[in-house]
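Residue strings, one per chain:
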Amino acid sequence: MAGPGGDMQWCFSQVKGAIDDDVAEADIISTVEFNHTGELLATGDKGGRVVIFQQEIENKNQPQFRSEYNVYSTFQSHEPEFDYLKSLEIEEKINKIRWLPQKNAAQFLLSTNDKTIKLWKISERDKRPEGYNLKEDDGRYKDPNSITSLQVPVLIPMDLMVEASPRRVFANAHTYHINSVSVNSDNETYLSADDLRINLWHLEITDRSFNIVDIKPANMEELTEVITAAEFHPHQCNTFVYSSSKGTIRLCDMRASALCDKHSKLFEEPENPSNRSFFSEIISSISDVKFSHNGRYMMTRDYLSVKIWDLNMENRPVETYQVHEYLRSKLCSLYENDCIFDKFECCWNGNDSVVMTGSYNNFFRMFDRGHRRDITLEASRENSKPMQVLKPRKVCTGGKRKKDEISVDSLDFNKKILHTAWHPQDNIIAVATTNNLYIFQDKVN
Amino acid sequence: MSATTAMEVNIEAKRILAVSISKLYASRTQRGGLRLHRSLLLSLVMRSARDIYHASRECEAPSEAQSAPEEPMDTGSSPEEASRQPEPQLATSGAETCSDSEEPASDAEEYDCEIAEDKENLSPARQSRKRRGKASAAPDFLPSKRARLEPGEERHAAPLGSCRAGAGDSLTTLSLNRVIPAF
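Residues numbered from 1 in each chain as written. Chains lettered and ligands numbered in written order. Predicted model: local features only at pLDDT ≥ 70, side-chain atom pairs only at ≥ 80, totals over all residues. Heavy atoms only, no water.

### Let's talk about the nonpolar core
Consideration 1: Membership of the largest hydrophobic core comes to 46 residues, with the highest contact counts inside it found for F279(A), Y303(A), L327(A), Y335(A) and I340(A).
Consideration 2: Of all the secondary structure elements, the ones that give two or more residues to this core are α1 (280-284) and α2 (331-336) of chain A together with α1 (3-28) and α2 (36-60) of chain B.
Consideration 3: Here this core takes 10 residues from α2(B), the largest share from any one element.
Consideration 4: Apart from the residues lying within four places of it in its own chain, the contact partners of F279(A) are L331(A), C332(A), Y335(A), I340(A), I16(B) and V45(B). (Core = buried A, V, L, I, M, F, W, Y, C linked by side-chain atoms within 4.5 Å. Buried < 20%, exposed > 50% of the residue type's maximum accessible area, 1.4 Å probe, protein only. Helix = DSSP H or I, 4+ residues; strand = E, 2+ residues; numbered from the N terminus. Contact = heavy atoms within 4.5 Å.)

### Here we look at the pattern of salt bridges
All names here are of chain A.
Consideration 1: A full pass over the atoms with the stated rule returns 34 salt bridges over all chains.
Consideration 2: A salt bridge links E319 to R369; its shortest N-O distance comes to 2.9 Å. Residue E319 is found in strand β25 (residues 319-322), and its partner R369 is found in the loop between β28 (363-368) and β29 (373-378); the two are separated by 50 residues along the sequence. Each member of the pair, E319 as well as R369, carries the same accessibility label: buried.
Consideration 3: Residue R328 pairs with E325 through a salt bridge whose shortest N-O separation is 2.6 Å.
Consideration 4: One network of salt bridges, with partners in common, ties together D27, D45 and R49. (Salt bridge = Lys/Arg side-chain N within 4 Å of Asp/Glu carboxyl O.)

### Notes on the sheet that holds strand β13 (residues 154-170) of chain A
Residues and elements named next belong to chain A.
Consideration 1: Strands sit in the order β10-β11-β12-β13 across an open sheet of four strands; the sheet is antiparallel. Because the sheet does not close on itself, it has two edges, and the strands there are β10 (96-99) and β13. Ignoring which end each strand starts from, the neighbouring axes of this sheet average 25° apart.
Consideration 2: Here four bridges tie β10 to strand β11 (residues 107-112), and the two strands are oriented antiparallel to one another. Note on β11: the bridge partner recorded for W99 is L109. (Pairing = 2+ DSSP bridges. Axes fitted to C-alpha atoms, helices over the stretch in contact; angles between N-to-C directions.)

### Observations concerning unusual backbone geometry
Residues and elements named next belong to chain A.
Consideration 1: Positioned with a positive phi, N187 is a non-glycine residue whose angle comes to about 60°.
Consideration 2: Summarising the element assignment, N187 is placed in the loop between β14 (180-183) and β15 (189-193).
Consideration 3: Residue class for N187 comes out partly exposed when judged on its relative accessible area of 27%.
Consideration 4: A positive phi angle is found at N362, which is not glycine, with a value near 60°.
Consideration 5: Looking at the element boundaries, N362 is found in the loop between β27 (354-358) and β28.
Consideration 6: What makes N362 buried here is its relative accessible area of 9%.

### Examining the side chain of R38(B)
Consideration 1: Note on placement: R38(B) falls in helix α2.
Consideration 2: Here the side chain of R38(B) touches D338(A) through a polar contact of 3.0 Å, side chain to side chain.
Consideration 3: Setting aside residues up to four positions removed in sequence, R38(B) forms contacts with D338(A), F341(A), K23(B), S27(B) and Q30(B). (Polar contact = N/O pair within 3.5 Å; in protein donor to acceptor, adjacent residues only side chain to side chain.)

### Looking at the state of the cysteines
Residues and elements named next belong to chain A.
Consideration 1: Scanning the model with the defined rule gives zero disulfides over all chains in all.
Consideration 2: Free cysteine: C260, not disulfide-bonded; nearest cysteine sulfur from C252 at 5.2 Å.
Consideration 3: Of all cysteine sulfurs, the one in C346 lies closest to C347, which takes part in no disulfide; the gap is 7.2 Å. (Disulfide = S-S within 2.5 Å.)

### Quick word on the confidence of the model for chain B
All names here are of chain B.
Consideration 1: Within chain B, residue pLDDT values average 58, and 31% of them lie at 70 or more.
Consideration 2: Per-residue pLDDT stays below 50 along residues 63-128; that stretch engages in 84 contacts with residues further than four places along the chain or on separate chains.
Consideration 3: The low-confidence segment residues 157-175 (pLDDT under 50) makes 27 contacts with residues lying over four places distant or belonging to another chain.
Consideration 4: Reported confidences for the modelled complex are a pTM of 0.79 and an ipTM of 0.89. (pLDDT = per-residue confidence, 0-100.)

### A look at the packing of aromatic side chains
All names here are of chain A.
Consideration 1: If you walk through the whole model with that rule in mind, you get 21 aromatic pairs over all chains.
Consideration 2: Taking the centre distance of 6.3 Å and the plane angle of 70° together, the rings of F12 and F440 count as edge-to-face. Placement of the pair is F12 in strand β3 (residues 10-16) and F440 in strand β34 (residues 437-442), with a sequence separation of 428 residues. Neither residue differs from the other here; F12 and F440 are each classed as buried.
Consideration 3: Ring geometry for F267 and W309: centres 6.0 Å apart, planes at 80°, overall edge-to-face. One end of the pair, F267, is in strand β21 (residues 265-267); the other, W309, is in strand β24 (residues 305-310), and 42 residues separate them in sequence. Each member of the pair F267 and W309 is classed as buried. (Phe/Tyr/Trp six-rings, centres within 6.5 Å; stacked < 30°, edge-to-face > 60°.)

### Comments concerning the pairing of strand β23 (residues 297-301) of chain A
All names here are of chain A.
Consideration 1: Within β23, five of the five residues are buried, leaving the element largely enclosed by the surrounding structure.
Consideration 2: Here strand β22 (residues 288-291) pairs with β23 via four bridges, running antiparallel. Paired with D288 across the strands is R301, a residue of β23.
Consideration 3: Where β22 folds back onto β23 in an antiparallel hairpin, the turn is made up of five residues, including G295, whose phi is positive at roughly 80°.
Consideration 4: Note: β23 against β24, five bridges, orientation antiparallel. The residue bridging T300 from the neighbouring strand is K307, located in β24.

### With respect to the confidence of the model for chain A
Consideration 1: On average, residues of chain A carry a pLDDT of 93, and 96% of them reach 70 or more.
Consideration 2: Long-range and interchain partners of residues 1-6 of chain A, a stretch whose pLDDT sits below 50, account for 13 contacts in this model, where long-range means more than four residues apart.

### A look at the environment of T5(B)
All names here are of chain B.
Consideration 1: By secondary structure assignment, the location of T5 is in helix α1.
Consideration 2: Judged by relative accessible area, T5 falls into the partly exposed class, the value being 27%.
Consideration 3: The sequence separation of T5 and S56 amounts to 51 residues, and the corresponding C-alpha distance is 8.8 Å.

### Some thoughts on the sheet that holds strand β19 (residues 239-244) of chain A
By definition, the strands of a sheet pair up through backbone hydrogen bonds, in either a parallel or an antiparallel sense.
Residue and element names in this part refer to chain A.
Consideration 1: Taking strand neighbours across the sheet as the criterion, the four strands line up as β18-β19-β20-β21 in an open arrangement whose pairing is antiparallel. On the outer flanks of this sheet lie β18 (227-232) and β21, each paired with one strand and no other. Sheet twist, expressed as the average angle between the axes of neighbouring strands with direction ignored, equals 20°.

Here it is, written out as structure tokens:
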């Protein structure tokens, strides 16, 4: 697969997380997101924790440079809650993390569980005051009679401490489960989407939000589709898209009206009738939608494929990539073991030339749009020697299995890669298996 | 379409229905509560399986008056049924003749149902003075099972399945339309 300067060769860089095969449920990674510079990498897990890694950039000018990501901050973002009115437990699992563009020394991110969004401030402290007049250094109050002179406290260096504090809590605005959060390009507002509604918030205001999309039918028995993902356009602050369980994407313009129930564009590809089965509706449900960085395209992920849409063409995608077509004949088993409900995400590389998504058996796939090439790679502890080049993997779909190929029936469906992220500028990727985070980089970085 | 293929489809549809219902019940005890998206997808699969089950039963025993369940409230059903014709699992010619012969039978059945339905729809004046509502009606905190009508809308015949007391059908009518109102 050719990138600028030759073929990309992906190498193992780091793996984070326990080596244990016995995975604690709280450690299951539920979201991965680079910040806008790529210096920080955040993960959220089922236990409600957020772990932020920071890239060490001192050696950037040296050849064979390895971008090392080390733990920068860990904090408990959400706790389990109980809705007494409905007798429902609210999971603390972090569904999404979105970084705000950096405005000052501190970093800000939005993290959300099923019901509540929180704005976290992550700041560094590397100095502390010393020499108070009324207090000892350990905090005990001095005896006032012992004070004979006045001193000015001074700031002295200390070991770097990274503090995370919740600055805003945006609660009680969603009846259904939040699936998306997206920060607007205006850096003042953001949207949050649940199964039936999308709300618009101002980052400073927590006690109210505007409902901009509501697809709840008057009679719930008439419900035919739900919202599965939503995202703001990267440059146009009035434009956002939301995808549905029926495989459609609607583009809305907030200038048209306060309530964007009427879409400006509807993107839908007619179904191929020869592919019809019991499970057609499930596999056409879109699990993720992402705008390209340049804002001209958007990518959607459904169960078996990745589609790239030109915003100017609504009736079909411009590109379709099969992620694991060999699963089409296995849909019944995948329905029984619940895998058919897995929600895979997808992501663009920095210059929108390559897209990536996950699959089973800890495989992940990259599609090079320009060169019409694709590659399957595996995230596993066996390929985890430093700078070890990843060997392309291949799934044997029938007939004679070649050496190094793996047959469909040998795939481990418990090992799934749902969350992947690509550094905004460099060829560094973060791939989350169930409870481990793998970082790979292009050899010629 | 051969009888064995119809039977295989029948068995497959029943199996999927059974799996779906067990998933539906399992999801009620899931942490975080019922997931609307998942429940919707389950109900769509169940609906597909039920339709195919009925269609294949019709082909097996055409004398038995079955009909494709009418879902007046489901706007997605008609395109689904139309596109189901070239379904590779059902031999196309067999399915087509099956569904064509269903229509007249279903009309007759619907009429019967409608009459039965109307008895329930009597105007308040004709209801007995005894407040049977208290004892037999569902408690107010549960969602109403009757569709709320828009002005000018008529009440359509209930789906055939709910009028029948067939053992096989009870499986299918169980929670399809009841899943979503649970929210």
